[in-house]
Amino acid sequence: MAATPAVRGCVAIVGAGPGGAGLLTLDAVKALREADVCFHDRMAPESVLGHLPAAAARVDVGKDFGRAGKDAQRAINALVARGAMLGKKVVRLQAGDPSVYSRLTSIPNACERRKLPFTHNHPSANSLPGRRIAKAIGKPSHNLIFSR
């Protein structure tokens, strides 16, 4: 008898960008709409979380400033990886740009340690940044950010 292959889900690290749902990338919206579970920061706006399916689990993993350390991040990494190991489509929703706050290494490394392959493409672990704040900041007023 052949061994049954292990069920593997996927992990998408999604950046909420400056916080407006209209500032998400199309890939970020797609990942949110397909998610089974979303681990999000406290600062994740409802307008962004609103892209999740009604059946998706929402898990607030926000950390308290000054009290969060490496242990808190390790616990989040383990939760994210466990969800994927259970065959779930997992989104780790970060406020802002996840590449600025180094989650682009800690979560993929946690997935690798658990033999969840990491690439920059689906179906393992993706990073889907939100729009950069520098590009979004001029939009409401229709003004250029920099001018001579």
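Scroll up for the structure.
Residues numbered from 1 in each chain as written. Predicted model: local features only at pLDDT ≥ 70, side-chain atom pairs only at ≥ 80, totals over all residues. Heavy atoms only, no water.

Caption draft 1: Inspection of the overall build of the chain at higher detail. The secondary structure content of the chain amounts to five helices and five strands. Starting at the N terminus and ending at the C terminus, the chain contains elements arranged as β-α-β-α-β-α-β-α-β-α. Looking at the chain residue by residue over its 148 residues, the buried ones come to 39%. For the chain, restricting intrachain contacts to residue pairs at least 6 apart in sequence, the fraction spanning at least 24 positions comes to 65%. (Helix = DSSP H or I, 4+ residues; strand = E, 2+ residues; numbered from the N terminus. Buried < 20%, exposed > 50% of the residue type's maximum accessible area, 1.4 Å probe, protein only. Contact = heavy atoms within 4.5 Å.)

Caption draft 2: Region of the structure containing the pattern of salt bridges. This model, assessed by the stated rule, comprises three salt bridges. Where Glu-34 meets Lys-30, a salt bridge forms, and the shortest distance between an N and an O atom there is 3.0 Å. Placement of both Glu-34 and Lys-30 in helix α1 (residues 26-34) is noted, with a separation of four residues, approximately one turn of the helix. For Glu-34, a relative accessible area of 32% gives the class partly exposed. For Lys-30, a relative accessible area of 47% gives the class partly exposed. (Salt bridge = Lys/Arg side-chain N within 4 Å of Asp/Glu carboxyl O.)

Caption draft 3: Examining the side chain of Arg-92 more closely. On the secondary structure map, Arg-92 appears in strand β4 (residues 89-94). Residue Arg-92 is classed as buried on the basis of its relative accessible area of 1%. Engagement of the side chain of Arg-92 in a polar contact is seen with the backbone oxygen of Phe-39, the distance being 3.4 Å. Contact partners of Arg-92, with chain neighbours within four places excluded, come to Ala-12, Ile-13, Val-14, Phe-39, His-40, Asp-41, Val-61, Ile-76, Val-80 and Ile-107. (Polar contact = N/O pair within 3.5 Å; in protein donor to acceptor, adjacent residues only side chain to side chain.)

Caption draft 4: Quick look at helix α3 (residues 70-85). The first and last C-alpha atoms of α3 sit 22 Å apart over 16 residues, in line with the 22 Å expected at 1.5 Å per residue. If you check which residues of α3 are buried, you get Gln-73, Ile-76, Asn-77, Val-80, Ala-81, Gly-83 and Ala-84. Buried residues in α3, looked at end-on, bunch into an arc of 155 degrees, giving them a common side. Facing away from the buried surface of α3 by more than 90 degrees, the exposed residues are Asp-71, Arg-74 and Arg-82. Gly-87 sits one or two positions beyond α3 and adopts a positive phi of about 90 degrees. (Expected span 1.5 Å × (residues − 1). Arc of directions from axis to C-beta.)

Caption draft 5: Geometry of α1. Along α1, the residues that are buried comprise Ala-28, Val-29, Ala-31 and Leu-32. Projected onto a plane normal to the axis of α1, the buried residues spread over an arc of 160 degrees and lie on a single side. α1 presents Leu-26 and Arg-33 as exposed residues on the side facing more than 90 degrees away from its buried surface.

Caption draft 6: Representation of the nonpolar core within the structure. Grouped together as the largest cluster of nonpolar side chains are 17 residues, with contacts concentrated most on Val-14, Leu-52, Val-91 and Leu-93. Elements with a contribution of two residues or more to this core: β1 (10-15), α1, α2 (46-49) and β4. It is α1 that provides the largest number of residues to this core, a total of four residues. Not counting chain neighbours up to four residues away, the residues in contact with Leu-52 comprise Leu-32, Ala-35, Cys-38 and Arg-58. Judged by nonpolar contacts, the second largest core, of eleven residues, contains Val-61, Ala-84, Ile-107 and Cys-111. (Core = buried A, V, L, I, M, F, W, Y, C linked by side-chain atoms within 4.5 Å.)

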